[in-house]
Amino acid sequence: MRVRVLVIGAGAREHALVAALRRDPSVREVFAAPGNPGIGQLAQLEAVDPTSGESVVAVAKKVAADLVVIGPEVPLVLGVADAVRDAGFACFGPSAAAARIEGSKAFAKDVMSAAGVKTAHSEIVDNPAELDAALDRFGPTWVVKDDGLAAGKGVVVTKDRSAARVHAADLLEQGHPVLLESFLDGPEVSLFCLVDGATVVPLLPAQDHKRVGDGDTGPNTGGMGAYAPLPWLPETVLTDIVEQVVRPVAAELVRRDNGFSGLLYAGLAVGEEGPAVIEFNCRFGDPETQAVLALLESPLGELLDATAKGTLAELDAPRWRDGAAVTVVLAAENYPGAPRLGDVISGTGDGSSSDAATVLHAGTAARDGALVSSGGRVLNVVATGADLAEARAHAYDRLATIKLPGSHFRTDIALAAVSNDISV
Ligand code: AMP
Ligand code: GLY
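My aim in this report is to walk through the structure given alongside it, one point at a time. (Residues numbered from 1 in each chain as written. Chains lettered and ligands numbered in written order. Predicted model: local features only at pLDDT ≥ 70, side-chain atom pairs only at ≥ 80, totals over all residues. Heavy atoms only, no water.)

1. Digging into the site of ligand 1
Condition: Any residue with a heavy atom positioned within 4 Å of a molecule or strand is treated as near that molecule or strand. Identification of polar contacts relies on pairs of N or O atoms within 3.5 Å, with a donor-acceptor requirement for protein atoms, meaning one able to donate a hydrogen and the other able to accept it, and with residues adjacent in sequence counted only if both atoms are side-chain atoms. The method behind every accessible area is Shrake-Rupley, applied with a 1.4 Å probe, and residues are considered shielded solely by the protein chains displayed. Here the term charged refers only to Asp, Glu, Lys and Arg, the term nonpolar to Ala, Val, Leu, Ile, Met, Phe, Trp, Tyr, Cys and Pro, and the term polar to all other amino acids, Gly among them.
The full set close to ligand 1 counts 15 residues, and Lys145, Glu181, Leu184, Glu188 and Glu279 are the nearest of them. Between ligand 1 and the protein, one listed contact pairs a nitrogen atom with a backbone N or O atom of serine 182 at 2.9 Å. The contact in question runs from an oxygen atom of ligand 1 to an N or O atom on the side chain of glutamate 279, over 2.6 Å. In the complex, 92% of the free accessible area of ligand 1, which totals 480 Å², lies under the protein chains. Class assignment for the residues of the shell around ligand 1 results in 7 nonpolar, 3 polar and 5 charged.

This is the structure:
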């Protein structure tokens with residue numbers, strides 16, 4: 001098998017996917033649409049409207065793709081994978097019906113309840129007159145969410161009732177229904193599983209860092225950094241997550257004729273009573289994927305192709321290299337608010353990875369021969385090492401050589417794990 005793979009998306013997650021596909025000898029050529037300047041160093045780029053099935057199918061035809069891999073959630077929720085499959089292409093990514101596990105909180109809660117999976121209790125508020133009474137039924141830590149896709153930024157978790165109220169009232173004023181949830185305590189785990197129907201193949205567990213500031217301070221972001229694996233997570237808990245959370249949900253989706261095909265991402269909090277689901281996502285997580293794939297030894301193309309074709313059960317379990325990986329996000333000034341864009345970036349190198357560290361592009365663009373910032377999360381430095389401490393050192397050493405005016409990053413990615421400050 002020597003396949004031609006088309007990756008849809010434009011972030012560091014897609015850059016990591018493309019880089020891993022390029023390491024797979026069974027992959028002949030990689031195309032990306034729309035991609036970004038960093039991805040363009042590894043793959044031929046094509047213009048596309050990623051949210052349009054017609055547009056993605058046109059690119060798949062143009063490049064004669066054997067496999068189309070859809071990175072972000074928005075195209076999946078809009079049914080782009082259905083359009084790609086209907087046009088006769090193998091596609092890595094769930095149908096719109098199955099992508100509701102991420103796109104519709106009500107659907108996700110219903111599936112989890114039917115599958116007997118532990119998750120937060122929740123209520124939807126769409127009438128401002130009912131807000132105060134609803135807030136009284138939650139707390140003392142309030143979790144207030146935008147009931148829709150919000151890229152992690154529509155969530156406020158706070159012990160301050162008035163801050164919770166302000167966020168909820170803001171959302172309601174914008175016409176967005178508000179989701180209130182009970183607070184799930186405990187360290188968070190992101191577990192990515194390749195899923196084709198009832199077959200579930202877990203990848204390495206990872207942890208994201210959602211808050212913008214060191215020590216988990218400031219507002220939530222799309223993710224400021226991640227690491228894998230999790231030295232503090234007992235193997236038995238990992239098995240519980242696969243057996244008691246992911247498999248039952250995959251089976252319930254099959255039972256509903258909405259069988260999942262692609263990457264099912266379970267975001268959990270591991271509390272005193274065991275793991276509970278914060279959310280499911282219907283695609284690879286960003287930035288955890290950058291750390292997880294840095295440790296993958298098995299050929300990624302083969303894994304994605306088998307998932308797309310429904311033959312995942314025939315493959316050997318993925319192999320991982322020893323050691324650990326850390327990814328640190330370099331964000332633009334003022335992210336996660338309205339970030340300042342268009343600043344010149346230097347020090348990213350030519351896209352080749354040193355042994356220890358690679359620079360992945362998240363929000364970059366080419367302008368007059370220079371590389372400039374074009375998104376809130378601009379770059380990721382991903383590094384490996386014999387352990388997390390070494391991977392951290394490699395990542396921060398590389399980051400120190402990159403210049404972007406006004407940019408910021410967290411200095412404590414994976415630090416709590418290195419310091420043995422996380423326990424379950
Ligand atoms: P989400 O966009 O739903 O992934 O939420 C973003 C982040 O908010 C999560 O990664 C958690 O850190 C936090 N969060 C969301 N829901 C809850 C909850 N019910 N309990 C505790 N933390 C939560
Ligand atoms: N890492 C968070 C997300 O991808 O949603």
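Picking up where we left off.
2. Focus: the site of ligand 2
All residues in the neighbourhood of ligand 2 are listed as Asp208, Lys210, Gly222, Tyr265, Asn281, Arg283, Gly285, Asp286 and Glu288. Aspartate 286 places a main-chain nitrogen or oxygen 2.9 Å from an oxygen atom of ligand 2. Glutamate 288 is positioned with one of its side-chain polar atoms (N or O) 2.6 Å from a nitrogen atom of ligand 2. Relative to its unbound accessible surface of 200 Å², ligand 2 loses 92% to contact with the protein. Looking at side-chain class alone, the shell around ligand 2 contains 1 nonpolar, 3 polar and 5 charged residues.

3. Considering the packing of aromatic side chains
Going by this rule: To pair, rings of Phe, Tyr and Trp, with the six-membered ring standing in for Trp, must have centres within 6.5 Å; the planes then decide the type, stacked if under 30 degrees apart, edge-to-face if over 60, and tilted in the middle. We count a stretch as a helix when DSSP gives it H or I for four or more residues in a row; a strand needs E for two or more, and each element gets its number in order from the N terminus. Note on exposure labels: buried denotes an accessible area under 20% of the residue type's maximum, exposed denotes more than 50%, and partly exposed covers the range between, all computed with a 1.4 Å probe on protein chains only. In our convention, an over-ring charge means Lys NZ or Arg CZ found within 6 Å of a ring centre and within 35 degrees of that ring's normal.
On inspection of all chains with the given rule, the structure shows 4 aromatic pairs. The interplanar angle of 40° and the centroid separation of 6.0 Å between the aromatic rings of tyrosine 396 and phenylalanine 409 together place this pair among those described as tilted. Pair noted here: tyrosine 396 is in helix α12 (residues 388-399) and phenylalanine 409 is in the loop between α12 and α13 (415-418), with a separation of 13 residues, a long-range link. Take tyrosine 396: its relative accessible area is 16%, and that puts it in the buried class. Lying across the ring of phenylalanine 107, arginine 100 places its NZ or CZ 4.0 Å from the centre.

4. Let's talk about the pattern of salt bridges
Just so we agree on the cut-off: When a carboxyl oxygen of Asp or Glu lies within 4 Å of a side-chain nitrogen of Lys or Arg, that pair is called a salt bridge.
According to the stated counting rule, one finds 22 salt bridges in the structure shown. Taking the shortest distance from any N to any O, the salt bridge between arginine 283 and glutamate 73 comes out at 3.2 Å. Within this pair, whereas arginine 283 is found in the loop between β17 (274-281) and α10 (288-294), its partner glutamate 73 is found in helix α3 (residues 73-77), the two being separated by 210 residues in sequence. The pair formed by arginine 283 and glutamate 73 is uniform in burial state, with each residue classed as buried. Note that glutamate 252 and arginine 256 form a salt bridge whose closest N and O atoms lie 2.6 Å from each other. Residue classification places arginine 256 among the partly exposed residues on the basis of a relative accessible area of 24%. Each member of the salt-bridge network shares a partner with another, and the members are Asp110, Glu252, Arg255 and Arg256.

5. Here we look at the pairing of strand β20 (residues 364-367)
Stated formally: Here the rule is simple: two strands pair whenever DSSP picks up at least two bridges between them.
Inspection of the sheet shows β20 paired to strand β21 (residues 370-373) by 4 bridges, in the antiparallel sense. Residue pairing across strands places arginine 367 opposite alanine 370, the latter belonging to β21.

6. Topic: the pairing of strand β15 (residues 225-228)
The alternating pattern of β15 places Gly225 and Tyr227 and Ala226 and Ala228 on opposite faces, both of which are buried. Examined bridge by bridge, strand β12 (residues 207-208) and β15 share 2 bridges and lie antiparallel to one another. Its bridge partner lying in β15, glutamine 207 is registered against tyrosine 227. Sheet topology note: the β15/strand β18 (residues 324-331) ladder contains 4 bridges and is antiparallel. Along β18, the bridge assignment pairs alanine 226 with threonine 327.

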